Amino acid sequence: MFLKGAKITAIGSYVPARRLTNSDLEQMVDTNDEWIVQRTGIRERRISREDEYTSDLCTAAVLDLMKRYGKSIQDVDMILVATSTPDFPFPSVASILQNRLGIPSTAGAIDMSAACAGFVYALHTAHAYVASGLHRKVLVLGADALSKITDYTDRSTCILFGDGAGAVLVESDEQLDGFAGFHLGSDGSGAHHVYRTGLSRSVNEVELVDTGKLVQNGREVFRWAVRTVPQGVQQVLNNAGISLDQVDWFIPHSANLRMIEPICERLNYPLEQALYSLEYFGNTSAASIPLALDLGIRGGKVLNGQQILLYGFGAGLTHAGQLVKLELAPEVSPPTPL
Ligand code: UT7
């Protein structure tokens, strides 16, 4: 049963102009196009300019949303930004956006930290705010500038990550209902498998590598995700009271195509109905799910009213699933090309 009262009415996206191809990476580390495509499915990523930060990526995504759907954000009463790469530890990206986009200072503004699961956590939070009646119009962003914290001498990570942003509006509606089952989780016992050091240099009694850059044990995260995500998807379906064959599109976090394949296989879900953004944008962390959703919309595949199952997973180790039906307003102008 879909709950009443909250719906996704608009979407926008942005990726920086600069492309980092597999052949560019061949010049930087000991790797090759064949290995990267075979092991990850990634061909290119986008890299922000030196003076371009997460707040800038978010701003461009919101401008795309407003232009496409003719939406005003003057009455937004909450801004949620999911990111692991905020411009600063504080102030928040959300506060910067409030001022830059001219959203009234009576709106709430917070950043949310749940790594690659961040967008789904933020969407779930927006739904809770709106369905409870506490807020009426929430701007939700998933954005990361991972190139700023990527170690371009480490071939096991630098081939994966890219930069981007996605934005959606979640609005209240007396009649329509666009959110159904969800499932959230976090297994902190794996917190040392993917991290960037901060004030502390150890977690779970493990001394962390202190490069100031993203460090990960890819194999461990890979194994955990392929085990955890299919179980989580089943929980979302149980919570929603529907079966997997009623799901029109599955949008898992775009970490690696070689993870999405076994996840679909374990679920017995057709890979052709899985949408991802990794081929030309890489792993964009919190941005990967809204970017994949928007690629589906821009390509004419994803339509209003279809059942879409989003599932984010990543550092924490966090994971979050949400079943949604879009109720996008009619487009008044074409999207800004990506
Ligand atoms: O965003 C959420 C958090 N992150 C993830 O979900 C990432 C999950 N993990 C992955 O995507 C994959 O584990 C990686 C892409 C990071 C690595 O792929 P893999 O198939 O698991 O490779 P592996 O770590 O088992 O390494 C296999 C071999 C190793 O060589 P040896 O020890 O067998 O001689 C690596 O040194 O591949 C080597 N290797 C590379 N070779 C060429 C690792 N990176 C590269 C590279 N180019 N870029």
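How each quantity is defined
Starting afresh in each chain, residues are numbered from 1 along the sequence in its written order. It should be noted that, the model being predicted, local features are given only for residues of pLDDT at least 70 and side-chain atom pairs only at 80 or more, the latter also being counted only at that level, while totals for whole chains, interfaces and linings use all residues. With hydrogens and water set aside, each side-chain value is computed from the structure's full complement of heavy atoms. UniProt positions are given in the numbering used here, feature names are shortened, and annotations may be inferred rather than shown by experiment. Stacked, edge-to-face and tilted labels apply to pairs of Phe, Tyr and Trp rings (six-membered ring for Trp) whose centres lie within 6.5 Å, assigned for plane angles under 30 degrees, over 60, and everything in between, in that order. Helix and strand definitions follow DSSP, with helices as H or I runs of at least four residues and strands as E runs of at least two, each counted in order from the N terminus. Partly exposed residues are those whose accessible area sits between 20% and 50% of the maximum for their type, while under 20% is buried and over 50% is exposed, using a 1.4 Å probe and protein chains only. Only Lys NZ and Arg CZ are tested; either one counts as a charge over a ring when it is within 6 Å of the ring centre and within 35 degrees of the ring normal. By convention a nonpolar core is built from buried Ala, Val, Leu, Ile, Met, Phe, Trp, Tyr and Cys residues, the set being connected through side-chain atoms within 4.5 Å. Contacts: residue pairs with any heavy atoms within 4.5 Å of one another. Whether a residue is near a molecule or strand depends on its heavy atoms: if one lies within 4 Å, it is near. Any pair of nitrogen or oxygen atoms within 3.5 Å is treated as a polar contact; in protein, a donor-acceptor pairing is required on top of that, and neighbouring residues in sequence qualify only through side-chain atoms on both sides. Surface accessibility follows the Shrake-Rupley procedure with a 1.4 Å probe radius. Residue values consider only the protein chains on display as shielding.

- The name given to the protein in an unreviewed UniProt entry is Beta-ketoacyl-[acyl-carrier-protein] synthase III, with the source organism recorded as Paenibacillus graminis.
- UniProt annotates the protein under Subcellular location (unreviewed entry) with the comment "Cytoplasm".
- Its UniProt record gives the protein a comment under Subunit (unreviewed entry), which states: "Homodimer."

## Here's the deal with the packing of aromatic side chains
Aromatic ring pairs: the centre-centre distance and the angle between the two ring planes describe each pair.
Consideration 1: The full count for this structure, using the stated rule, is one aromatic pair.
Consideration 2: Residues Phe250 and Tyr269 carry aromatic rings whose centres are separated by 5.9 Å and whose planes lie at 80° to one another, so their mutual orientation is edge-to-face. Taken together, the residues Phe250 in strand S13 (residues 249-252) and Tyr269 in the loop between helix H8 (257-267) and helix H9 (278-281) connect sequence positions 19 residues apart. For the pair formed by Phe250 and Tyr269, the shared burial category is buried.
Consideration 3: Directly above the aromatic system of Tyr53 lies the positively charged group of Lys148, at a separation of 4.9 Å from the ring centroid.

## Some remarks on the nonpolar core
Consideration 1: Counting 60 residues, the largest nonpolar core has Ile8, Leu123, Val140, Leu141, Val170, Ile308 and Leu310 as its most contacted members.
Consideration 2: Looking at this core element by element, the count peaks at seven residues for helix H5 (residues 118-131).
Consideration 3: Excluding residues within four positions of it along the chain, Leu141 makes contact with Cys58, Val62, Ile79, Leu80, Val81, Ala82, Leu97, Phe119, Gly166 and Ala167.

## Considering the UniProt feature "domain: Beta-ketoacyl-[acyl-carrier-protein] synthase III C-terminal" (unreviewed entry) in the protein
Consideration 1: Under the present numbering, the feature "domain: Beta-ketoacyl-[acyl-carrier-protein] synthase III C-terminal" (unreviewed entry) in UniProt falls on residues 237-325.
Consideration 2: Here residues 237-325 runs as 34% helix and 22% strand, with 14 Å between its end C-alpha atoms.

## Re the site of the ligand
Consideration 1: Taken together, 20 residues lie around the ligand, and Thr31, Arg39, Arg219, Asn256 and Asn283 are the ones closest in.
Consideration 2: The side chain of Trp35 places a nitrogen or oxygen atom 3.5 Å from a nitrogen atom of the ligand.
Consideration 3: Within the side chain of Arg219, one N or O atom sits 2.6 Å away from an oxygen atom of the ligand.
Consideration 4: Relative to its unbound accessible area of 960 Å², the ligand is 75% covered by the protein chains.

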